[in-house]
Amino acid sequence: MSFNMFLSMRFTTLPVLFISIILLLSFHFMGCAGSEQIADNETVEHSPDRNLSSLEEIYWARIDSSRMNFTQADVVFMTGMIGHHAQALIMSRLAPENDASRSVQVLAARIINAQGDEIRLMQQWLADRNQPVPEVHIDGLNLMIHMPDMEHNGGGHHGHHDHHGGMHDHSDMPGMLTQEQLEELAEAQGREFDRLFLLYMIEHHEGAITMVETLFNANGAAGDREMFDLASGINAEQITEINRMQSMLEEMEGS
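None of the values given here were measured: they were computed from a predicted structure.

So, the overall build of the protein chain
When helices and strands are counted, the protein chain shows eight helices and two strands. Secondary structure of the protein chain in N-to-C order comes out as α-α-α-α-β-β-α-α-α-α. Sequence-distant contacts, at least 24 apart, represent 70% of the contacts inside the protein chain between residues at least 6 apart. Of the roughly 13,600 Å² of accessible surface on the protein chain, a fraction of 53% belongs to carbon and sulfur atoms.

What follows is the structure in structure tokens.
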């Protein structure tokens, strides 16, 4: 079974399983109500609102419990992917000012919207689990990721920091461009910018897919529902955009 088939099966099966559990719980409560009436030979009023409230309490208790069901591999993925996405924002923001074609500008705008939203989701995921939350700071081509807890504790956590901010760099993550590649992209204009942008963004997206695969191969990782949805969503999104960018690149080379 391929990795993508595995993701697809999990993504479609889990919601159905969860809804089935809720329905079974509903029948359970209904069944208990009926038994109580027969045993006591008297009518016991059970408000629908009360049953709904009980189900909601169970639901939110399970949500809170599931949020604590995460591994260090999950935290490393979320923390690293925030920095990875942030570099995609730097690359994409160059498109309008570097006279990119209309199609590349539309693609870059979509990347900015999608990955900006995902950065916020990943920050929230970490905050909900009382984990250090990376703060993204972009200044031109320079990316700085601040980890408040790491700074207070004198380091030792798994966060990544950029050497331009006097901290760790991100160059060890798959698909990350070097500073020289970023500068090369920033200096390119028009058609040459389009070509480099597509080449480098394909490489960048492939790196993100590698990070997702590493996560799912880690023992016990991605068991958290929100984690699974986000990581599998990133995987599908990157594959779709890689296919699109390869087509755009082929059209350029053929024209």
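Looking at the packing of helix H3 (residues 72-97) against helix H4 (residues 102-128)
Look at H3 against H4: their axes get within 8 Å of each other, and the N-to-C directions meet at 155°. Between H3 and H4, the crossing angle belongs to the class labelled roughly antiparallel. In the crossing of H3 with H4, the sense of the turn from one axis to the other is left-handed. Here the residues of the contact of H3 with H4 sort into 16 nonpolar, seven polar and three charged.

Overview of the side chain of Arg129
Tracing the backbone shows Arg129 in the loop between H4 and strand S1 (135-139). A distance of 2.7 Å separates a polar atom in the side chain of Arg129 from a polar atom in the side chain of Asp224. In this structure, Arg129 is in contact with Arg67, Met68, Phe70, Asp224 and Glu226, ignoring residues within four places of it in sequence.

Some thoughts on helix H8 (residues 225-254)
Its 30 residues give H8 an end-to-end C-alpha distance of 44 Å, which sits within 8% of 44 Å, the value for a rise of 1.5 Å per residue. The opening residue of H8, the one whose side-chain oxygen lies 2.8 Å from the backbone nitrogen of Glu226, is Asp224.

Remarks on the pairing of S1
Taken residue by residue, a regular strand's side chains alternate between the two faces of the sheet. Direction of pairing for S1 relative to strand S2 (residues 142-146): antiparallel, over a ladder of five bridges. Residue Asp139 lies in a different strand from S2, and its bridge partner there is Asn142. Connecting S1 to the antiparallel partner S2 that follows it, the hairpin turn spans two residues, and Gly140 within it adopts a positive phi of roughly 65°.

Considering the environment of Ala114
Following the sequence through the fold, Ala114 ends up in helix H4. Taking the C-alpha atoms as reference points, Ala114 and His85, 29 residues apart in sequence, are found 9.5 Å from one another.

Some remarks on the pattern of salt bridges
By the definition in use, this model includes five salt bridges. A salt bridge links Arg120 to Asp117; the nearest nitrogen and oxygen atoms lie 2.6 Å apart. Placement of the pair is Arg120 and Asp117 together in helix H4, with a separation of three residues, close to one helical turn. A relative accessible area of 51% places Arg120 in the exposed class. Its salt-bridge partner being Glu226, residue Arg129 comes within 3.5 Å of it at the nearest N-O pair. Of this pair, Arg129 sits in the loop between H4 and S1 while Glu226 sits in helix H8, placing them 97 residues apart in sequence.

The rules we used
- Residues numbered from 1 in each chain as written.
- Predicted model: local features only at pLDDT ≥ 70, side-chain atom pairs only at ≥ 80, totals over all residues.
- Heavy atoms only, no water.
- Helix = DSSP H or I, 4+ residues; strand = E, 2+ residues; numbered from the N terminus.
- Contact = heavy atoms within 4.5 Å.
- Areas by Shrake-Rupley, 256 points an atom, 1.4 Å probe, with all protein chains shown as cover.
- Axes fitted to C-alpha atoms, helices over the stretch in contact; angles between N-to-C directions.
- Parallel < 35°, antiparallel > 145°, perpendicular 65-115°, else oblique.
- Left-handed = near helix turned anticlockwise from the far one by under 90°.
- Nonpolar A, V, L, I, M, F, W, Y, C, P; charged D, E, K, R; others polar.
- Polar contact = N/O pair within 3.5 Å; in protein donor to acceptor, adjacent residues only side chain to side chain.
- Expected span 1.5 Å × (residues − 1).
- Pairing = 2+ DSSP bridges.
- Salt bridge = Lys/Arg side-chain N within 4 Å of Asp/Glu carboxyl O.
- Buried < 20%, exposed > 50% of the residue type's maximum accessible area, 1.4 Å probe, protein only.

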